[in-house]
Amino acid sequence: MATSNVDRTGRGPSPRSSLTALAGRTFEVIPPTALVLLGIVSVQVGSALAKHLFSAVGSFGTVALRLFFAAAVLMLLWRPPLRMNRRAWTVVLSYGVILGSMNLCFYLALARLPLGIAVTIEFLGPLAVALAGSRRLLDAFWAVLAAGGVVLLVEGRGDLNLAGFLFALAAGTCWGLYILVGAALGRHTTEGNGLALGMAVAALVAVPFGVADSGTALIQPWVLIAGLGVALLSSVIPYSLDLEALRKIPPHVFGILMSLEPAMAALIGLIVLQESLHWSQWIAVLCVVAASAGATRGARPDV
């Protein structure tokens, strides 16, 4: 996320410029594939940490903390201008509402499902985007493989929570929309300005739910520290790593690497949360990973 460190007033580099320049130099020595994998690990460890907060502030409170702190960090880092045309603001507002809704639905699912299963179901959204409009016979195979994975998830063990499944599916729908609107955000805003403003809008969507649900429990010192950790691990760090990786590798390669996310989520859930999956559910996760990687590899460039 390197930006120019030249201060136009001639007073030397600003704190923000120095910080982003330092980050840029650090990113330069890390291969882009490693940046993507680090981002995947970061976001899933953040989700595991978030799950530990559910008993104290619930899923709504956890989402509120994550988005509030993520917005605060990104706004301080980028200090985006508020003067934009109507079209740009429409995209930013849409992006923020979708981002906030996606996080609310995902955390509601995470409160009811193991991390690996929640992420696998949610990943159907990006998979649908990758398959959208395709007329290739091979892509029909990937769709069937993903559908088979979902059937294995549902039938693999009888304790799959229906509400959690539907919340994860709603989060996946939002993720698909997030990808499409995110592309427009890149066209209508510069650097990380659109991301910062969109995150602020997402916080405005989620924070009222968190305050109404959790009240003063949100301002406990340990809760605030954990919430900041979730925001850094789940939003600030992975988004920054992904942004830098996309400067160096083609989008289809990035998408294939991102397809590992359901498997990484299942592994993090096992290690951090001791959430063991049935063997058929592990196969289901691998089916969705393979379908996503295959569909992304053959996706049209405009998708």
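Predicted model only: the values in this text are computed from it and were never measured.

Undergrad: Whenever I open this one, the overall build of the protein confuses me. Can you help?
TA: Each helix and strand counted, the protein has twelve helices and zero strands in total. Each helix (α) and strand (β) of the protein, taken in turn from the N terminus, gives the series α-α-α-α-α-α-α-α-α-α-α-α. Per-residue burial for the protein yields a buried fraction of 51% across its 303 residues. Counted over contacts in the protein with a minimum sequence separation of 6, partners at least 24 positions apart contribute 87%. Accessible surface computed for the protein: about 14100 Å², of which carbon and sulfur atoms make up 70%.

Undergrad: Explanation requested: the nonpolar core in the structure shown.
TA: Taken as a class, soluble globular proteins show a tendency for nonpolar side chains to be buried jointly. Core analysis: the biggest nonpolar cluster contains 80 residues, and Leu99, Phe106, Leu115, Tyr178 and Met199 have the highest contact counts within it. If you tally residues by element for this core, the top one is helix α2 (residues 32-78), at 14 residues. Apart from residues lying up to four places away in sequence, tyrosine 178 is in contact with Tyr95, Ile98, Leu99, Met102 and Tyr239.

Undergrad: What exactly am I supposed to notice about the side chain of arginine 66 here?
TA: Counting through the fold element by element, arginine 66 comes out in helix α2. Within the local environment of arginine 66, its side chain forms a polar contact with the side chain of tyrosine 107, the two groups lying 3.2 Å apart. Those residues in contact with arginine 66 that lie beyond four places of it in its chain are Asn103, Tyr107, Gly227, Val230, Ala231, Ser234, Ser235 and Tyr239.

Undergrad: How should the confidence of the model for the protein be read in this particular structure?
TA: Predicted coordinates in areas of low pLDDT are best not read in detail. Taken over all residues, the pLDDT of the protein has a mean of 85, while the share at 70 or more is 87%. Across the protein, element-level confidence peaks in helix α3 (residues 86-110) with a mean pLDDT of 95 and bottoms out in helix α1 (residues 15-28) with 56.

Undergrad: I'm lost on the environment of glycine 125 in this one. Help?
TA: With respect to the helices, strands and loops of the structure, glycine 125 is situated in helix α5 (residues 124-131). For the pair glycine 125 and glycine 176, spaced 51 residues apart in the sequence, the C-alpha separation amounts to 4.5 Å. Sequence-distant contacts of glycine 125, defined by excluding residues within four places in its chain, comprise Gly172 and Gly176.

Undergrad: Looking at this structure, I do not really get the packing of α3 against helix α4 (residues 115-122). What am I missing?
TA: Helix-helix packing is described using two parameters, namely the angle between the two axes and the distance between the axes. It is the contact of α3 with α4, at a shortest axis distance of 9 Å, that shows an interaxial angle of 140°. Regarding the angle of α3 to α4, the classification is oblique. As α3 runs across α4, the sense of the crossing is right-handed. Contact with α3, carried on its side by Met102, Phe106 and Leu110, involves Leu115, Ala118, Val119 and Glu122 of α4 and no other residues of that element.

Undergrad: What's the story with unusual backbone geometry in this structure? I'm lost.
TA: For residues that are not glycine, phi is negative in most cases, and the peptide bond is trans in most cases. You will see that arginine 79, though not glycine, has its phi angle at about 40°, which is positive. Tracing the backbone through its elements, the reader meets arginine 79 in the loop between α2 and α3.

Undergrad: Could you clarify how one ought to interpret helix α10 (residues 251-258) in this entry?
TA: Residue pairs spaced three or four apart in an α-helix point in one direction, given the helix's 3.6 residues per turn. Residues of α10 that are buried include every one of Phe254, Gly255, Leu257 and Met258, and no others. In a view along the axis of α10, the buried residues occupy a sector of 160°, so they form one face of it. Turning to α10, the residues buried within the fold contact α2, α9 (221-246), α11 (261-272) and α12 (279-297).

Undergrad: Hey, could you run me through the packing of aromatic side chains in this one?
TA: Two descriptors summarise a pair of aromatic rings, namely the distance from one centre to the other and the angle between the planes of the rings. For the structure shown, the criterion picks out seven aromatic pairs. Between phenylalanine 123 and tryptophan 175 the ring centres are 5.1 Å apart and the planes differ by 90°, which places this aromatic pair in the edge-to-face class. Residue phenylalanine 123 is found in the loop between α4 and α5, and its partner tryptophan 175 is found in helix α7 (residues 162-188); the two are separated by 52 residues along the sequence. Judged by relative accessible area, tryptophan 175 falls into the buried class, the value being 13%. Each residue in the set Phe54, Phe106 and Tyr107 is aromatic and connected to the rest through ring pairs, giving one cluster.

Undergrad: Mind showing me how you'd approach the environment of glycine 186 here?
TA: As for its placement among the helices and strands, glycine 186 is situated in helix α7. Overall, glycine 186 belongs to the exposed group, its relative accessible area being 52%.

Undergrad: Can you help me understand a nonpolar patch on the surface in this one?
TA: Together, Leu267, Leu270, Ile271 and Val272 make up an exposed nonpolar region whose accessible area comes to about 320 Å². When you line up the elements, leucine 270 lands in helix α11.

Cut-offs used in this document
- The residue numbers shown here count from 1 along each chain, following its written sequence.
- Given that this is a predicted model, residues contribute local features only at a pLDDT of at least 70 and side-chain atom pairs are listed and counted only at 80 or more, while totals for whole chains, interfaces and linings are drawn from all residues.
- The side-chain values count all of the structure's non-hydrogen atoms but skip hydrogen atoms and water molecules.
- Secondary structure elements follow DSSP: runs of H or I of four or more residues count as helices, runs of E of two or more count as strands, with numbering from the N terminus.
- Accessibility here uses a 1.4 Å probe with only protein chains present; expressed as a share of the type maximum, an area under 20% marks a residue as buried, one over 50% as exposed, and anything in between as partly exposed.
- Two residues qualify as a contact provided that any one of their heavy atoms is within 4.5 Å of a heavy atom in the partner residue.
- Note on areas: Shrake-Rupley, 1.4 Å probe, and residue coverage restricted to the protein chains presented here.
- The nonpolar core is taken to be a set of buried Ala, Val, Leu, Ile, Met, Phe, Trp, Tyr and Cys residues, with the residues joined through side-chain atoms within 4.5 Å.
- By the criterion applied in these results, polar contacts are pairs of N or O atoms within 3.5 Å in which, for protein atoms, one can donate a hydrogen and the other can accept it, and in which residues neighboring in sequence qualify only through two side-chain atoms.
- Scored between 0 and 100, pLDDT is the confidence that the predictor attaches to each residue.
- With axes taken as lines fitted to C-alpha atoms, and helix axes fitted only over the stretch in contact, angles between N-to-C directions fall between 0 and 180 degrees.
- Roughly parallel means an angle under 35 degrees; roughly antiparallel, over 145; roughly perpendicular, 65 to 115; everything else is oblique.
- Left-handed is the label given to a crossing in which the near helix is rotated counterclockwise from the far helix by less than a right angle, and right-handed is the label when the rotation is clockwise.
- Read the arc as the range of directions from the helix axis to the C-beta atoms.
- Working definition: rings of Phe, Tyr and Trp (its six-membered ring) pair if their centres are within 6.5 Å, and the pair is stacked with planes under 30 degrees apart, edge-to-face with planes over 60 apart, and tilted otherwise.
- Two distance rules govern patches: like charges are joined within 9 Å, and nonpolar side chains (Val, Leu, Ile, Met, Phe, Trp, Tyr) within 5 Å, applied only to residues with over 30% relative accessible area and no salt bridge.
- Salt bridge, as applied in this entry: a Lys or Arg side-chain nitrogen positioned within 4 Å of an Asp or Glu carboxyl oxygen.

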